[in-house]
Amino acid sequence: TLGFLCPQKCECCGRAGATIPCRAAAGCSRLYHFPCAAASGCFQSVKTLRLLCPEHVAEAVDMEDARCSVCKGPGELRDLVLCTSCGQHFHGACLDISLTPRKRSGWQCPECKVCQTCRQPGRDSAMLVCEACDKGYHTSCMEPATQGLPSSSWKCKNCWVCSDCGQHPTGLDSSCQWPLGSAVCGDCQRRRTTADVPAAPERSPQPSPPAQMSESPVPGEPMDAPVPPPELEPAGADEETQPLVDPNEAPPDPKEAPPDPKEAPPGNAESPPGELASVEVPPSEEPP
């Protein structure tokens, strides 16, 4: 309905319904939504209700409220940000924060900062400040409630995006819990845990025992006992036990057995040369 009544488009977001014009002295045709004017870096004066776009922001140097509440000077006009609660301006460098379009939109100074859930101020020790939009949340107002402050950087549910599914906590189911300090939502965390669990190894069949080398091929037949290796005779034993053999002499015939020295030589055996044959003399008969 607002776009139908006011068809002018916003210079920042490109949507219809822009009603705040730039009040530059030379004239400017740019129009903005109120939050888009803060996000784009326009200078907004609460006292004079005057807006200057980023191209004509230098004209604010002579305005009364173009002063930083910390350093009390205009300084860098493009670095000034408006507190939407008290209307004062602050340099981002004086507060040690880097100003982004998300932080500029609906920004509150440290004195005016309230919880975005209960809209009540609170102690700094009990409030979490989002690093993306610089808005505060009580730890007791969070769902689920948390105890203490995180040691690392923290983002609210409107600025936090799951690194796996790309969704915001506000768009997730109420049953999906987003752990504090985690980069992924609860559902994606469970999927990661399931994927990291190694699958149970399949039971492989037991290998059959190796066949015995000495197994008898015929059933019922006794197995051959292992034969011990032959003992080697010590070196030099043959020289002591075997007689010397002349190489020129013919080897003896194995069929002929050597003569037994106990047997007496036959009677007609010839005596070896050089020896006398023994002649048996019959006993002489004595006369009666």
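Here the structure is a predicted model, which is why all the values come from computation and not from measurement. The residue numbers shown here count from 1 along each chain, following its written sequence. Reporting in this predicted model follows two pLDDT cut-offs: at least 70 for local features of residues, and 80 or more for side-chain atom pairs to be given and counted; totals over whole chains, interfaces and linings ignore these cut-offs and use all residues. Excluding hydrogens and water, the side-chain figures rest on all heavy atoms present in the structure.

Visitor: Give a detailed account of the overall build of the chain, specifying residues and quantitative values.
Guide: Starting at the N terminus, helices and strands are each numbered in turn, a helix being any DSSP run of H or I of at least four residues and a strand any DSSP run of E of at least two. Within the chain one finds five helices and eight strands. Accessible area is worked out with a 1.4 Å probe on protein chains only. A residue is then buried under 20% of its type maximum, exposed over 50%, and partly exposed in between. Among the 288 residues that make up the chain, the fraction classed as buried is 27%. Note on contacts: a residue pair qualifies if any of its non-hydrogen atoms lie within 4.5 Å across the two residues. Considering only contacts in the chain between residues 6 or more positions apart, those separated by 24 or more positions represent 27%.

Visitor: Talk me through the packing of aromatic side chains; I want residue IDs and the actual numbers.
Guide: Only Phe, Tyr and Trp rings take part, Trp by its six-membered ring, and two of them pair if their centres are within 6.5 Å. Stacked means planes under 30 degrees apart, edge-to-face means over 60, and tilted covers everything else. All chains considered together, the criterion is met by two aromatic pairs. Considering the side-chain rings of Tyr137 and Trp154, the 5.9 Å spacing of their centres and the 70 degrees angle between planes classify their relative orientation as edge-to-face. You can see Tyr137 sitting in strand 8 (residues 136–138) and its partner Trp154 sitting in the loop between strand 8 and helix 4 (186–196), a full 17 residues away along the chain. One exposure class covers both Tyr137 and Trp154, and it is buried.

Visitor: Before we move on, can you summarise the nonpolar core with the specific residues and values?
Guide: Nonpolar core, defined: a set of buried Ala, Val, Leu, Ile, Met, Phe, Trp, Tyr and Cys residues in which side-chain atoms within 4.5 Å join the residues together. Residues Tyr32 and Phe43 are the most contacted members of the largest nonpolar core, which totals 21 residues. Among the elements of the structure, strand 2 (31–32), helix 2 (34–40) and strand 4 (50–52) are those that each provide at least two residues to this core. Among residues more than four places away in sequence, those in contact with Phe43 are Arg50, Leu51, Leu52, Val57, Ala60, Met63, Asp65, Ala66, Leu80 and His89. With ten residues, the next largest nonpolar core counts Ala132, Met142, Trp154 and Cys156 among its residues.

Visitor: Outline the side chain of Gln108, supporting the account with residue identities and numerical values.
Guide: Relative to the assigned elements, Gln108 resides in the loop between helix 3 (101–104) and strand 7 (127–129). Residue classification places Gln108 among the buried residues on the basis of a relative accessible area of 12%. Within the structure, Gln108 has its side chain in polar contact with the side chain of Ser85 (distance 3.0 Å). Once residues lying within four places of it in the same chain are set aside, the contact partners of Gln108 are Cys83, Thr84, Ser85, Lys113, Val114, Gln116 and Asp134. Within 3.5 Å is the distance limit for a polar contact, defined as a pair of N or O atoms, with the added protein rule that one can donate a hydrogen and the other accept it, and that residues adjacent in sequence qualify only through two side-chain atoms.

Visitor: Outline unusual backbone geometry, supporting the account with residue identities and numerical values.
Guide: The phi dihedral of Lys72 is positive, around 65 degrees, even though this residue is not glycine. With respect to the helices and strands, Lys72 occurs in the loop between strand 4 and strand 5 (80–82).

Visitor: Quick rundown of the pattern of salt bridges? Include the residues and the values.
Guide: As a working rule, side chains carrying opposite charge can pair if their charged atoms are close by. We define a salt bridge as a contact between a side-chain nitrogen of Lys or Arg and a carboxyl oxygen of Asp or Glu at a distance within 4 Å. Under the definition given, this model contains four salt bridges. The partner of Glu55 in a salt bridge is Arg30, and the shortest N-O contact between them spans 2.9 Å. Of this pair, Glu55 sits in the loop between strand 4 and strand 5 while Arg30 sits in the loop between strand 1 (20–21) and strand 2, and the two are 25 residues apart along the sequence. Residue Arg30 is classed as buried on the basis of its relative accessible area, which comes to 19%. Two residues, Lys113 and Asp134, come together in a salt bridge whose shortest N-O distance is 3.3 Å.

Visitor: Which residues make up the confidence of the model for the chain, and what values go with them?
Guide: Confidence per residue, as judged by the predictor, is encoded in pLDDT with a range of 0 to 100. Confidence in the prediction of the chain, expressed as mean pLDDT, is 74, and 57% of residues score 70 or more. Considering only residues more than four positions removed or in separate chains, one finds that residues 274–279, a stretch of pLDDT under 50, has one contact.

Visitor: Before we move on, can you summarise the environment of Gly136 with the specific residues and values?
Guide: With respect to the secondary-structure elements, Gly136 resides in strand 8. A relative accessible area of 0% places Gly136 in the buried class. As a C-alpha pair, Gly136 and Val114 span 22 residues in sequence and 6.3 Å in three-dimensional space. Not counting residues within four places of it along the chain, the set of residues in contact with Gly136 comprises Lys113, Val114, Cys115, Gln116, Met127, Leu128 and Val129.

Visitor: Tell me about the side chain of His33, and please be specific about residues and values.
Guide: One can find His33 in the loop between strand 2 and helix 2. Relative accessible area serves as the criterion here: at 17%, His33 is assigned to the buried category. A distance of 3.3 Å separates a polar side-chain atom of His33 from the backbone oxygen of Ala16. Setting aside its immediate chain neighbours within four residues, His33 contacts Cys10, Cys13, Arg15, Ala16, Gly17, Ala18 and Ile20.

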